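# Per-entry structural report
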Amino acid sequence: KAALGEGDTVCTPAQLCSMLSSIVSGGKRYSSHLLYEVRNFTSGDVTQKTQPSLLCEYALSGEGRTLLLDAMRDAMKQSGRLEGLVEDLNTLGIQAGCFASSVPSGNGGTDHAVMLAYSTPVVSLLDQPRTGICVAVIVENGGEASVAEPVIEAVLEQWNKE
């Protein structure tokens, strides 16, 4: 049995995002980073930008990947809070999906709320490519995964505006 944080399997939110982005990108794993770009406060000009760095590439079955991403899109559409957001993103040609779970806390207390979400890379209205985004939210002793939905919703909405 393998589960998040149980037994010998322990994952950080960054590792979960790395795993999810590898699946979404079709088997390409890039180095993680916390800072995408730095802008001048006054002018808004970009003064520093993190460039993508490909770590490895692995074969990923097209059928398996499609099945997983379809299931994640369906899960997001069934979420009360996220259903409207999915429709808004779809009208812009952005695919999005999520995985939600309650993970046992291990101490007999309330389960942890876990939610992973992604949006695919797009070409903006200004024909400038935009990167995709993967988000992992873990709420310690949060109970149901729906506790993490407002955070996912806020992050994806903000990402969509930029």
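Conventions used here
- Residues numbered from 1 in each chain as written.
- Predicted model: local features only at pLDDT ≥ 70, side-chain atom pairs only at ≥ 80, totals over all residues.
- Heavy atoms only, no water.
- Helix = DSSP H or I, 4+ residues; strand = E, 2+ residues; numbered from the N terminus.
- Buried < 20%, exposed > 50% of the residue type's maximum accessible area, 1.4 Å probe, protein only.
- Contact = heavy atoms within 4.5 Å.
- Areas by Shrake-Rupley, 256 points an atom, 1.4 Å probe, with all protein chains shown as cover.
- Expected span 1.5 Å × (residues − 1).
- Arc of directions from axis to C-beta.
- pLDDT = per-residue confidence, 0-100.

Per the secondary structure count, the protein chain includes four helices and nine strands. Burial status across the protein chain gives 29% buried among its 162 residues. In the protein chain, the proportion of contacts linking residues at least 24 apart, taken out of those at least 6 apart, comes to 55%. Summing over all exposed atoms, the protein chain offers an accessible surface of approximately 10100 Å²; the carbon and sulfur share of this is 53%.

Another aspect to go through is helix α4 (residues 149-161). End to end, α4 covers 18 Å across 13 residues, agreeing with the expected 18 Å (1.5 Å per residue, within 8%). Taken residue by residue, α4 has E149, I152, E153, L156 and W159 as its buried positions. The buried residues of α4 occupy an angular sector of 135 degrees when projected down its axis, which confines them to one face.

Mean pLDDT over the protein chain: 76, with 81% of residues reaching 70 or higher. Mean pLDDT in the protein chain bottoms out at strand β7 (residues 122-123), which sits at 54, and peaks at strand β3 (residues 46-49), which reaches 94.

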